[in-house]
Amino acid sequence: MKREDVRRVDQIAIGTYGISGLVLMENAGRGAAEHIAALHHGSGADVKRPVCILCGPGNNGGDGYVIARHLELLGFPVRIVSLVPTDRLTGDAFANAAIAMKAGLPIQVARSAEDLEQLLVDDEIVVDCLLGTGATGAPRGLYADAVTVANARRGVRVAIDLPTGLDCDTGIPSDVTFRADMTVTFVAQKDGFSNSEAKPWLGTIHVVGIGVPKMLLMEFGVA
Ligand SMILES: NC(=O)C1=CN([C@@H]2O[C@H](COP(=O)(O)OP(=O)(O)OC[C@H]3O[C@@H](n4cnc5c(N)ncnc54)[C@H](OP(=O)(O)O)[C@@H]3O)[C@@H](O)[C@H]2O)[C@@H](O)CC1
Ligand SMILES: [K+]
């Protein structure tokens, strides 16, 4: 699907079908958490690797707070590094950040590249909830720093909905693009994911349904 179409599907699901955006976000985050948890089985070790979730300013970041809550339930040590103070979040993202805070999930705010250098460590699963379909252009400022630092760490990298920096319509990566080992994308594959140039940045792709009715998916030719 095209970026604008998948955003339209979300809007129609909420505005016309009456599905709460919180329900869509919960389905997205729970589905993503289950794929992240499944990464662990291969390692055989019974100790679950710690997970660091990088959260941006929008609903892609909102997914990260849901993922954190579900990964904790699945037994993973989890922490959140947000690039914005949580009171800067709005809507469904703010709602899930507030739930995460009340639930005692560890949240740290990174304000500079130095903060990110200290907060991101090796041997974690790093989850990219920085930018999703709301991104325009190459990652700017602290978002570029976060991608650069995350790519430099030794660990498994998971992109949520799309790797930050990758244009999901064309598949063309920016100079700074999150290099994912796995991408969990919502509703449907993004058109750009079929561009071979995008492969090194996507890793293994999983599509997670978020509860959008089949009738609506069929209208957009994805069911
Ligand atoms: N209910 C739903 O809709 C569901 C949505 N879902 C999830 O939401 C995601 C879409 O969320 P979204 O629309 O909030 O956009 P998102 O990508 O999080 O943030 C964009 C913001 O970042 C900024 N920004 C933009 N470009 C930038 C750049 N180059 N460099 C730096 N900053 C940049 C800009 O903020 P501004 O700078 O304008 O303040 C912009 O507003 C989607 O991918 C999926 O994961 C799922 O949960 C399913 C249900
Ligand atoms: K992302």
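Residues numbered from 1 in each chain as written. Chains lettered and ligands numbered in written order. Predicted model: local features only at pLDDT ≥ 70, side-chain atom pairs only at ≥ 80, totals over all residues. Heavy atoms only, no water.

Draft legend 1. View of the overall build of the protein chain. For the protein chain, the count of helices and strands is 8 helices and 7 strands. Relative to a compact globule of 223 residues, whose C-alpha radius of gyration would be 17 Å, the protein chain shows 16 Å and is just as compact. If one aligns the C-alpha atoms of the protein chain with their principal axes, the spans along those axes are about 45 × 40 × 40 Å. When burial is assessed residue by residue, the protein chain has 50% of its 223 residues classed as buried. Within the protein chain, residue pairs in contact and separated by at least 24 positions form 73% of the contacts whose partners lie at least 6 positions apart. Carbon and sulfur atoms provide 53% of the accessible area of the protein chain, an area that totals close to 9,800 Å². (Helix = DSSP H or I, 4+ residues; strand = E, 2+ residues; numbered from the N terminus. Rg over C-alpha atoms; globule rule 2.2 N^0.38 Å. Buried < 20%, exposed > 50% of the residue type's maximum accessible area, 1.4 Å probe, protein only. Contact = heavy atoms within 4.5 Å. Areas by Shrake-Rupley, 256 points an atom, 1.4 Å probe, with all protein chains shown as cover.)

Draft legend 2. Structural view of the coordination of the potassium ion (ligand 2). Donor atoms from the polypeptide that bind the potassium ion (ligand 2) are Asn60 (OD1), Asp128 (O), Asp128 (OD), Leu131 (O), Ile160 (O) and Leu162 (O), placed at 2.7 to 3.1 Å. Taken together, the 6 donor atoms surrounding the potassium ion (ligand 2) define angles of 58 to 148° at the centre, an arrangement classified as irregular. Each donor residue of the potassium ion (ligand 2) belongs to the same chain, and together they define the spacing N-x67-D-x2-L-x28-I-x1-L. Neither residue differs from the other here; Asp128 and Leu131 are each classed as buried. (Donors = N, O, S within 2.8 Å, 3.2 Å for Na, K, Ca; no water. Tetrahedral: all angles 85-135°; square planar, octahedral: opposite > 155°, others 65-115°.)

Draft legend 3. Representation of the confidence of the model for the protein chain in the model. On average, residues of the protein chain score 97 in pLDDT, and 98% of them are at 70 or above. Reported confidence for the predicted complex is 0.97 by ipTM and 0.97 by pTM. (pLDDT = per-residue confidence, 0-100.)

Draft legend 4. Broad picture of the UniProt feature "binding site: K(+)" (unreviewed entry) in the protein chain. As recorded in UniProt, the feature "binding site: K(+)" (unreviewed entry) lies at Asn60, Asp128 and Thr164. With the annotated positions falling across 105 residues, the maximum pairwise C-alpha distance of 10.1 Å places them together in a single cluster. Residue Asp128 is classed as buried on the basis of its relative accessible area, which comes to 0%. Non-local contacts of Asp128, meaning those with residues more than four positions away in its chain, are made with Leu54, Asn60, Val158, Ala159, Ile160, Leu162, Pro163, Thr164 and Phe178. Following the sequence through the fold, Thr164 ends up in the loop between strand E5 (155-160) and strand E6 (182-186). Those residues in contact with Thr164 that sit more than four places away from it in its chain are Asp128, Leu130, Leu131, Pro139, Val147, Val176, Thr177 and Phe178. Here Asp128 takes part through its side chain, which lies 2.7 Å from a polar atom of the side chain of Thr164. (UniProt positions renumbered as here; feature names shortened; annotations may be inferred. Polar contact = N/O pair within 3.5 Å; in protein donor to acceptor, adjacent residues only side chain to side chain.)

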